[in-house]
Amino acid sequence: MSENNYEALLGCGFDPKEALERFMNNQALLEKFLGKFLEDPTYSALCGAMERSDSTEAFRCVHTIKGVAGNLALHGLYDAACRLTETLRGAQSMEQANLRGAGAAFDALCKQYTDTCDAIKSCIER
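To keep things clear, this report deals only with the structure shown in the data block. Not measured: the values here are computed from a predicted model. (Residues numbered from 1 in each chain as written. Predicted model: local features only at pLDDT ≥ 70, side-chain atom pairs only at ≥ 80, totals over all residues. Heavy atoms only, no water.)

A tally of helices and strands in the protein chain yields 8 helices and 0 strands. Helices (α) and strands (β) of the protein chain occur, in sequence order from the N terminus, as α-α-α-α-α-α-α-α. What you see for the protein chain is a C-alpha radius of gyration of 15 Å, in line with the 14 Å of a compact globule of 126 residues. For the protein chain, the spread of C-alpha atoms along the three principal axes comes to 45 × 25 × 20 Å. Within the protein chain, buried positions represent 43% of all 126 residues. Taking all contacts inside the protein chain whose residues are at least 6 apart in sequence as the whole, residues at least 24 apart take part in 64%. Looking at the protein chain as shown, the accessible area adds up to about 6700 Å², and 50% of this sits on carbon and sulfur atoms. Distance from the positive charge centre (13 side chains) to the negative charge centre (18 side chains) of the protein chain: 4 Å. (Helix = DSSP H or I, 4+ residues; strand = E, 2+ residues; numbered from the N terminus. Rg over C-alpha atoms; globule rule 2.2 N^0.38 Å. Buried < 20%, exposed > 50% of the residue type's maximum accessible area, 1.4 Å probe, protein only. Contact = heavy atoms within 4.5 Å. Areas by Shrake-Rupley, 256 points an atom, 1.4 Å probe, with all protein chains shown as cover. Lys, Arg positive; Asp, Glu negative; His and termini not counted. Charge placed at Lys NZ, Arg CZ, Asp CG, Glu CD.)

Right under this line is the structure:
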């Protein structure tokens, strides 16, 4: 993946300079970790937790996504994960989290996650 192939990811808030710095300017290593991101089961676990109204598990999952997105300089996904994290933080129930906007934040995260994964796939396949 060359820097020219980052175009799709740039639209998702990806910062290639920051990401490469985190990976010691090793482009192959960055690409490897972007590929591993696509295989990570945390998003699926988040969806399941939201479906079950398990605010504790949803918080754990989205917090993990936030950390990984931050480390990969995927700022669009990171920002969406931050918003959902804060709606879930300290919520005693999903009802309480939804009053804080968890539903809308989850929908926004889902769109950003899908867009980001599609962009990663298009970059890696080149």
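Position of threonine 42 relative to the elements: it lies in helix α4 (residues 42-51). Reaching out from threonine 42, the side chain makes a polar contact with the side chain of aspartate 40 at a distance of 2.4 Å. Each residue touching threonine 42, except ones within four places of it in the same chain, is listed here: Cys61, Thr64 and Ile65. (Polar contact = N/O pair within 3.5 Å; in protein donor to acceptor, adjacent residues only side chain to side chain.)

Since one α-helical turn is 3.6 residues long, residues separated by three or four positions face the same way. Between its first and last C-alpha, helix α3 (residues 27-39) extends 19 Å over 13 residues, near the 18 Å set by a 1.5 Å rise per residue. Those residues of α3 that sit buried are Leu30, Leu34, Gly35 and Phe37. Mapping the buried residues of α3 onto a view down its axis gives an arc of 150°, with all of them on the same face. Of the exposed residues in α3, those oriented more than 90 degrees away from the buried face are Ala28 and Glu39. (Expected span 1.5 Å × (residues − 1). Arc of directions from axis to C-beta.)

Right, let's talk about the packing of helix α5 (residues 55-71) against helix α6 (residues 75-88) for a bit. Geometrically, a packed helix pair is captured by the angle between its two axes and the distance between the axes. In contact at an axis separation of 8 Å, α5 and α6 are set at 155° when each is read in the N-to-C sense. One element, α5, and the other, α6, form an angle in the roughly antiparallel class. Seen along the crossing, α5 lies across α6 with a hand that is left-handed. From α5, Ser55, Ala58, Phe59, Val62, His63, Ile65, Lys66, Ala69 and Gly70 reach across to α6, where they touch Leu77, Tyr78, Ala81, Cys82, Leu84, Thr85 and Leu88. By residue class, the composition of the contact of α5 with α6 is 11 nonpolar, 4 polar and 1 charged. (Axes fitted to C-alpha atoms, helices over the stretch in contact; angles between N-to-C directions. Parallel < 35°, antiparallel > 145°, perpendicular 65-115°, else oblique. Left-handed = near helix turned anticlockwise from the far one by under 90°. Nonpolar A, V, L, I, M, F, W, Y, C, P; charged D, E, K, R; others polar.)

Residues Leu9, Leu30, Leu46, Leu74, Leu84 and Leu109 are the most contacted members of the largest nonpolar core, which totals 40 residues. Among the elements of the structure, α2 (16-22), α3, α4, α5, α6, α7 (94-99) and α8 (102-125) are those that each provide at least two residues to this core. Among the elements that make up this core, the one with the highest residue count is α8 (10 residues). With residues up to four places along the chain from it excluded, the contact list for leucine 46 reads Ala58, Cys61, Val62, Ile65, Leu84, Phe106 and Leu109. (Core = buried A, V, L, I, M, F, W, Y, C linked by side-chain atoms within 4.5 Å.)

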